[in-house]
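Letter by letter, the chains look like this.
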Amino acid sequence: GRVTTTGTVSALVTVQVGAQVSGRLQSLNADFNSKVTKGQVLAKLDPSLFEAQVSMAAANEKAALAGLTRAQAQDKDAQRKLARAKVLADQKLVPLADLEGAQAEVEVAQANIQSAEASLAQARAARQQSQVNLAYTTITSPIDGTVVSRAVDVGQTVAASLQAPTLFTIAENLSKMQVDTNVSEADVGKLSDGMQASFSVDAFPNRVFKGVIRQIRYAPQVVQNVVTYDAVIDVANDELLLRPGMTANVSFIYARSDDALRVPNAALRFRPDAELMRKVSKPEPGKRLLWVLDGETPTPVPVTLGLSDGTVTVVQGDVSDGALVITDRQSGGDAPRPPTGLGGSSPGGGMRRAF
């Protein structure tokens, strides 16, 4: 038994490389089909604006640090005043209100220190963020792979306000590919993980590629009320013949019968005229009548049906290899049409050979 379908060839891992910040593209260091390594510089955005932001943030951080130093100095001064006020208060030389005022000044100075520390932390975070944004102007490859797409040119302005724009698409390893197929819901139950698959592509019509089903995904794909499921096939591509996006004509063999006798399905549908059928006894349950040409006489032979691929069916019965089986009759009578030949010595028209 065989299931046939179509699918699309793709790389196992494909990464879209984008820009985290907006800016004008200053240089490109990779192009279509470029081999890249992890961390390699692919492109650079104009860093002028981000360098200015880093300088401004660094200045703000210094100002915040100076504010903290000033608050700490004021706290020390308030602490000294409080100490003097306590000595004088113990000697009854100053009123209690002066001591309470000195204590309040210390508390205010300590609050100012906390405020200055918070401002310094904010300024330091802003400076770190500006440095990160500056680093984002250098776009590097996240993986080792091959550039399969480049979407920008030098001088182009990229905007990353809502989402990161895609600059490059990188395939991690083109020597290992996968095929995503659309298997109908009627056939998906016949397939299982680990099953062998074969396919061809239009670029190499005489080449048969082999693969193995990695998984059959549960998520349905509904197109015009037709439900299909994605059977993912792993394929070795050591010769790099397969390219992403190719259409694959896939075949899964879910049942196999070796050294079996096959007949065309049309022979199983053939029925003679009613008069001849009345002379023939009905076959046993589970069997079908196959009409074989014995000389010039159509002879019914009960057979048991086996596997079928929709075109031919495996049969078991008193039929020999090469026997002429009737598939049709002439429009004006019951005699089979004369053979026209099919595949060398095999007759056609109203008869086919069992094979």
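Residues numbered from 1 in each chain as written. Predicted model: local features only at pLDDT ≥ 70, side-chain atom pairs only at ≥ 80, totals over all residues. Heavy atoms only, no water.

1. As for the confidence of the model for the chain
The predicted model of the chain averages 89 in pLDDT, with 92% of residues at 70 or higher. Ignoring residues within four places in sequence, the model shows residues 332–349, a span with pLDDT below 50, making 36 contacts including any to other chains. (pLDDT = per-residue confidence, 0-100. Contact = heavy atoms within 4.5 Å.)

2. Structural notes on the nonpolar core
Counting 25 residues, the largest nonpolar core has Val-179, Leu-191, Phe-199, Ile-233, Leu-242, Val-250 and Phe-252 as its most contacted members. Every element with two or more residues in this core is listed here: β1 (2–11), β10 (176–184), β11 (196–201), β12 (204–223), β13 (226–236) and β14 (247–253). Other than its neighbours up to four places away in sequence, Leu-191 contacts Val-3, Val-183, Ile-213, Ile-216 and Phe-252. One finds Leu-25, Leu-42, Leu-167 and Phe-168 within the second-largest nonpolar core, a separate group that totals 18 residues. (Core = buried A, V, L, I, M, F, W, Y, C linked by side-chain atoms within 4.5 Å. Buried < 20%, exposed > 50% of the residue type's maximum accessible area, 1.4 Å probe, protein only. Helix = DSSP H or I, 4+ residues; strand = E, 2+ residues; numbered from the N terminus.)

3. Observations concerning helix α2 (residues 96–136)
With 41 residues, α2 extends 61 Å between its outermost C-alpha atoms, agreeing within 8% with the 60 Å of an ideal straight helix rising 1.5 Å per residue. Residues of α2 that are buried include every one of Leu-99, Ala-102, Val-106, Ala-109, Ile-113, Ala-116, Leu-120, Ala-123, Arg-127 and Ser-130, and no others. (Expected span 1.5 Å × (residues − 1).)

4. A closer look at the sheet that holds strand β3 (residues 23–28)
Read across the open sheet, the 4 strands follow the order β6-β5-β3-β8; overall the sheet is antiparallel. The strands lining the two open edges of the sheet, one partner per strand, are β6 (138–140) and β8 (157–158). (Pairing = 2+ DSSP bridges.)

5. A look at unusual backbone geometry
In most cases, non-glycine residues show a negative phi, while peptide bonds are predominantly trans. For Gln-224, which is not glycine, the phi dihedral falls at a positive 55°. Turning to its location among the elements, Gln-224 is positioned in the loop between β12 and β13. Positive phi, close to 65°, is recorded for Asn-225, a residue that is not glycine.

6. Overview of the packing of aromatic side chains
Where two aromatic rings form a pair, the distance of their centres and the angle of their planes describe that pair. Following the criterion strictly, the structure yields 3 aromatic pairs and no others. Pairing Phe-199 with Phe-209 gives two aromatic rings, centres 5.4 Å apart and planes at 20°, and the pair type is stacked. Pair noted here: Phe-199 is in strand β11 and Phe-209 is in strand β12, with a separation of 10 residues, a long-range link. For the pair Phe-199 and Phe-209, one class covers both residues: buried. Between Phe-204 and Phe-209, the ring centres sit 6.5 Å apart and the planes meet at 70°, which makes this aromatic pair edge-to-face. The partly exposed category is assigned to Phe-204, whose relative accessible area is 28%. Put simply, the rings of Phe-199, Phe-204 and Phe-209 pair up and form one aromatic cluster. (Phe/Tyr/Trp six-rings, centres within 6.5 Å; stacked < 30°, edge-to-face > 60°.)

7. As for the environment of Ser-130
As for its position among the elements, Ser-130 is in helix α2. With 124 residues separating them in the primary sequence, Ser-130 and Tyr-254 have C-alpha atoms 59 Å apart. Those residues in contact with Ser-130 that lie beyond four places of it in its chain are Gln-53, Val-54 and Ala-57.

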